[in-house]
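Each chain is listed here by its residues.
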Amino acid sequence: MTITAQHPATPLVGDPLGLAQARVDAALDQLAAAVAEHLSGGVDPLGVAGWARRDEARVAAVRLVALGEAERRGAARTVGATGTAAWLSGQGVAPGVARRDVALAGALSEPDHHRRGC
């Protein structure tokens, strides 16, 4: 299995978020190379899978914060989409999943979301 990356443009000087994204992209490139080269050796594949799941959840949290802000700003409409869920669908996310993610992002962006019961 080959892992390919699609990197965004080089971050602007003074853009801490863009710089952090570039560093994560570079680290993921290094990780993919290391996995391809060393995972078939003595490395514990379940340990790697568990670690990856934990970091995947951290990235998902960042994604939800960004989606909540995009929804609040109406950012998708500025790029021609009818809404954030429609923009996500255009990015390859199934429409139902896109709607769910935007709803979750919106709920999590509410100031008192942590006080609500399940």
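The structure presented is a predicted model; accordingly, all values stated were derived computationally and were not measured.

K.L.:
Lay out the overall build of the protein with the relevant residues and their values.
P.N.:
For the protein, the helix and strand inventory stands at five helices and zero strands. Ordered by position from the N terminus, the helices and strands of the protein form the series α-α-α-α-α. The 118 residues of the protein split such that 14% are buried. Here the analysis covers contacts within the protein between residues at least 6 apart in sequence; of these, 30% occur between residues at least 24 apart. Carbon together with sulfur atoms contributes 61% to the accessible area of the protein, which is approximately 9,100 Å² in total.

K.L.:
Describe helix α5 (residues 95–109), with residues and values.
P.N.:
Two residues of an α-helix separated by three or four positions point the same way, owing to the 3.6 residues in each turn. The first and last C-alpha atoms of α5 sit 21 Å apart over 15 residues, in line with the 21 Å expected at 1.5 Å per residue. Burial in α5 covers these residues: Ala98, Asp101, Val102 and Ala105. Viewed along the axis of α5, the buried residues span an arc of 95°, placing them on a single side of the element. Facing away from the buried side of α5 by over 90 degrees, the exposed positions are Arg99, Arg100 and Ala103. Of the surrounding elements, those touching the buried residues of α5 are α2 (45–73) and α4 (84–90).

K.L.:
Got a sec to walk through the side chain of threonine 84? Specific residues and values, please.
P.N.:
Counting through the fold element by element, threonine 84 comes out in helix α4. Side chain to side chain, threonine 84 and glutamate 71 meet in a polar contact 2.5 Å long. Among all residues touching threonine 84, those that are not within four sequence positions of it are Leu67, Ala70, Glu71, Ala76 and Val102.

K.L.:
Kindly report on helix α1 (residues 16–38), identifying the contributing residues and their values.
P.N.:
Counted at 1.5 Å a residue, the expected span for α1 with its 23 residues is 33 Å, and the 32 Å between its end C-alpha atoms agrees. Of the positions making up α1, those classed as buried are Gly18, Asp25 and Ala32.

Rules used in this analysis
Residues numbered from 1 in each chain as written. Predicted model: local features only at pLDDT ≥ 70, side-chain atom pairs only at ≥ 80, totals over all residues. Heavy atoms only, no water. Helix = DSSP H or I, 4+ residues; strand = E, 2+ residues; numbered from the N terminus. Buried < 20%, exposed > 50% of the residue type's maximum accessible area, 1.4 Å probe, protein only. Contact = heavy atoms within 4.5 Å. Areas by Shrake-Rupley, 256 points an atom, 1.4 Å probe, with all protein chains shown as cover. Expected span 1.5 Å × (residues − 1). Arc of directions from axis to C-beta. Polar contact = N/O pair within 3.5 Å; in protein donor to acceptor, adjacent residues only side chain to side chain.

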